[in-house]
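What the coordinates show
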Amino acid sequence: MARFSTAAEDVARRLRDGMAGGVLSFPVTSFRDDGSLDPESYRAYLTAQLATAPGAVFPACGTGEFFSLDEDEYRAVVTATVEIAGGRLPVVAGIGYGWAQALRFARIAEEAGADAALVLPHYLVAAPQDGLVEQLRRIAAGTSLPLIAYQRGQVAFSAESLRRIADIPTVIGLKDGHSDLDRLQRLTLAAPDGFLFFNGASTAEIQARAYATVGVPSYSSAVHAFAPDIANAFFTALRDNDYERTTALLRDFYVPLVELRDRVPGYAVSLVKAAARLRGLPVGPVRAPLTDPGPDDLAVLAKILDAGQLLAEAAPRPV
């Protein structure tokens, strides 16, 4: 096993078990029309989401607009998530920016009862490998929370750096958003036994088959944030090696969704919230600098959702 602390090993085990049975859920954060946080709506929304049996829940991350939350709002979101989860599944809260600010969020998450933290890519600047490792070391030194590193954008670990962060007793895994399978294969081969890997590509289901070939079958699902039935239908088909059904879901739902997502910067989050609203979920608008989709794109999104719904209804129920 990886050289985890006892507490970190327990969280890693719970995540491993959860990932074997369900998708990783990244809920959106509910706002009112004036842009203020809507805690009551968030609680109602999350209660419905967690009733669909995800493997773990990751509040206040990218899909949850972490970048737009102040510390009090962040505390409210993570606290509500921990309370609603009730220990039934792991709660992994997003933290980020430079290590000093990341620690402020980590301590709030720890006080709120989160099980672990996802270290989102640091702000703006490119950094050498030694700096990427030191960032995690400093965060780990200031919190007892198990940490999952997230490589995306300007953060990309080398195999040697992966070995170094895996030696930190509370760093339990890596989420990958680069989709460079050659590099990712090198990282999985460099990692010690028990170290966790997550497919964190945008609309990860599109690349789920490919990631599985390099030893990373688990993935985050933004679709679960608005259509748990569709997300669970795909997860079940993939788990059961149902090539025909996974292909149908990819062709008729996921690929059209990604093509729409790629039209406008920020749609990776904005479309998720728009789709949730179309399904009657109380999530409200996105915050600037993101923008909500206009009528034409909403009409396309509605048709994509209808197609996904029909496929999900035809799918066998998860066992």
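See the structure above.
Quick caveat: nothing in here was measured; it's all calculated off a predicted structure.

Here the focus is the pattern of salt bridges. If you walk through the whole model with that rule in mind, you get 20 salt bridges. The partner of glutamate 40 in a salt bridge is arginine 32, and the shortest N-O contact between them spans 3.7 Å. For arginine 32, a relative accessible area of 35% translates into the label partly exposed. Note that aspartate 292 is salt-bridged to arginine 277, the shortest N-O span being 3.4 Å. Pair noted here: aspartate 292 is in the loop between helix H11 (267-278) and helix H12 (295-314) and arginine 277 is in helix H11, with a separation of 15 residues, a long-range link.

Our focus in this paragraph is the nonpolar core. Across soluble globular proteins, nonpolar side chains show a tendency to be buried alongside one another. Among the nonpolar cores identified, the biggest contains 110 residues, and Tyr74, Ile95 and Phe226 are the most heavily contacted of them. Apart from the residues within four sequence positions on either side, isoleucine 95 is in contact with Phe66, Tyr74, Ala102, Phe105, Ala106, Ala117, Leu118, Val119, Leu120, Ile139 and Leu147.

So, on to empty space enclosed by the protein. Per the stated rule, a full pass over the model turns up four cavities of 30 Å³ or more. There is about 90 Å³ of room inside the largest cavity. Val119, Leu120, Pro121, His122, Leu132, Gln135, Leu136, Ala149, Tyr150, Val155 and Phe157 together form the lining of the largest cavity. At the level of elements, helix H5 (129-142) and strand E5 (147-151) are the ones that each hand at least two residues to the lining of the largest cavity. Counting residues per element, the lining of the largest cavity draws most heavily on H5, at three residues. Partitioning the lining of the largest cavity into residue classes produces nine nonpolar, two polar and no charged. Space inside the second largest cavity adds up to approximately 40 Å³. In terms of lining, the second largest cavity is formed by Met19, Gly22, Val23, Leu24, Pro217, Ser218, Tyr219 and Phe235. Counted by class, the lining of the second largest cavity contains six nonpolar, two polar and no charged residues.

Looking along the chain, the bond that leaves alanine 288 and enters proline 289 is cis, with omega of 15°. With respect to the helices and strands, the residue proline 289 is situated in the loop between H11 and H12. Within the chain, tyrosine 97 stands out as a residue other than glycine whose phi angle is a positive 75°. Tracing the backbone shows tyrosine 97 in the loop between strand E3 (92-95) and helix H4 (99-112). Residue class for tyrosine 97 comes out partly exposed when judged on its relative accessible area of 26%.

With that settled, consider helix H10 (residues 243-261). Along H10, the sharpest change in direction is near 40° and occurs at leucine 250. Buried residues of H10: Thr246, Ala248, Leu249, Leu250, Phe253, Tyr254, Leu257, Val258, Leu260 and Arg261, and no others. Where H10 is buried, its residues meet helix H8 (208-213), helix H9 (228-239), H11 and H12.

Cut-offs used in this document
Residues numbered from 1 in each chain as written. Predicted model: local features only at pLDDT ≥ 70, side-chain atom pairs only at ≥ 80, totals over all residues. Heavy atoms only, no water. Salt bridge = Lys/Arg side-chain N within 4 Å of Asp/Glu carboxyl O. Buried < 20%, exposed > 50% of the residue type's maximum accessible area, 1.4 Å probe, protein only. Helix = DSSP H or I, 4+ residues; strand = E, 2+ residues; numbered from the N terminus. Core = buried A, V, L, I, M, F, W, Y, C linked by side-chain atoms within 4.5 Å. Contact = heavy atoms within 4.5 Å. 1 Å grid on protein atoms, 1.4 Å probe; cavity = no way out; pocket = protein on both sides within 12 Å on 5 of 7 lines; lining within 4 Å. Points joined across faces, edges and corners; volume = space filled by probe spheres on them. Nonpolar A, V, L, I, M, F, W, Y, C, P; charged D, E, K, R; others polar. Bend = angle between axes of the 7 residues up to and from the residue.

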